[in-house]
Amino acid sequence: MTEHSARLDPLSAPCDQYQRYRMAADVIGALSASPPATIIEVGGDGAMLSAFLSESAIVPVDPEDPGASSRACRAAGTALPFENENFDCLVSLDVLEHIHPDGRRAFLSECARVSREYLVVGAPCRPGDDGGFNPTEADALLLEFIRGRHGYTHRFFAEHLTHPLPLEEDLVANLEAEGFTVRTLPNGYLPNWALLMGLHY
């Protein structure tokens, strides 16, 4: 049992966090017959991931607040202080959209460097030239809703607007260039997400 799993109930988390961590855990479970012995979570505190993957040793890494775990490491995702292929699996969820576009390739390259087998990377992506749903509009709506309802600017929604969301095809190309076979999976339905996040706030 990990340090976090005894005290965190996943169902107490906001809906968007539960959704992305549940899916990440399901993907990892489908990739390997047994849970990875070691997982690095870049851009998280490890608590939610530990609740779903209690048999894995999870090392949370974050430049600001990696959490209270004894394994926690304060570091930037573009300069991870670990040797090559140091972990069985790397997880990074909803981090790429907070990195300036010029730094995303370096971030993915560094993630690929420290993982021995798998990368599970999740991020909202903007639609391509063919249109489709628009998560940027949903972010702008929620940002203004929170300002009006609570009187403050939500940092993360604001960053979604100052850093254009990544394009899925760019992420796939970057990871393939690192030698990975890439599979993409949709996660969530934007109108439901916007409604639930509005209710949350």
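Use the structure listed above.
In this convention, every chain numbers its residues from 1, walking through the sequence in written order. pLDDT decides what is reported in this predicted model: residues at 70 or higher carry local features, side-chain atom pairs at 80 or more are listed and counted, and totals for whole chains, interfaces and linings draw on all residues regardless. Neither water nor hydrogens contribute to the side-chain values; these are computed over all heavy atoms in the structure.

Asker: Help me out: how do you make sense of unusual backbone geometry in this one?
Answerer: The general pattern is negative phi for most residues beyond glycine and trans for most peptide bonds. Despite not being glycine, Glu85 shows a phi value in the positive range, around 50°. Strands here mean DSSP runs of E at least two residues long; helices mean DSSP runs of H or I at least four residues long; both are numbered from the N terminus. Inspection of the secondary structure puts Glu85 in the loop between strand E3 (73-74) and strand E4 (87-93). The classification of residues rests on relative accessible area computed with a 1.4 Å probe and restricted to protein chains. Under 20% of the type maximum is buried, over 50% is exposed, and intermediate values are partly exposed. Given the relative accessible area of 47%, Glu85 is considered partly exposed. Although it is not a glycine, Asp94 sits at a positive phi angle of roughly 55°. Along the polypeptide, Asp94 turns up in the loop between E4 and helix H3 (104-114).

Asker: What should I look at first to understand the packing of helix H4 (residues 135-150) against helix H7 (residues 190-200) in this one?
Answerer: Packed helices, taken two at a time, are described by their axes: the angle between them and the distance between them. Axes here mean lines fitted to C-alpha atoms, for a helix over just the part in contact, with angles spanning 0 to 180 degrees between N-to-C directions. Relative orientation of the contacting elements H4 and H7 amounts to 10°, with a least axis distance of 11 Å. As summarised for this structure, H4 and H7 are arranged roughly parallel, according to the angle between their axes. Counted together, Pro135, Ala138, Asp139, Leu142 and Phe145 of H4 and Leu190, Trp193, Ala194, Met197 and Gly198 of H7 form the full contact between these two elements. Gly falls in the polar group here, along with every residue not listed as nonpolar (Ala, Val, Leu, Ile, Met, Phe, Trp, Tyr, Cys, Pro) or charged (Asp, Glu, Lys, Arg). Here the contact of H4 with H7 is built from residues that sort into eight nonpolar, one polar and one charged. Between 65 and 115 degrees an angle is taken as roughly perpendicular, under 35 as roughly parallel, over 145 as roughly antiparallel, and anywhere else as oblique. Residues count as neighbours in contact if any of their non-hydrogen atoms are within 4.5 Å of one another.

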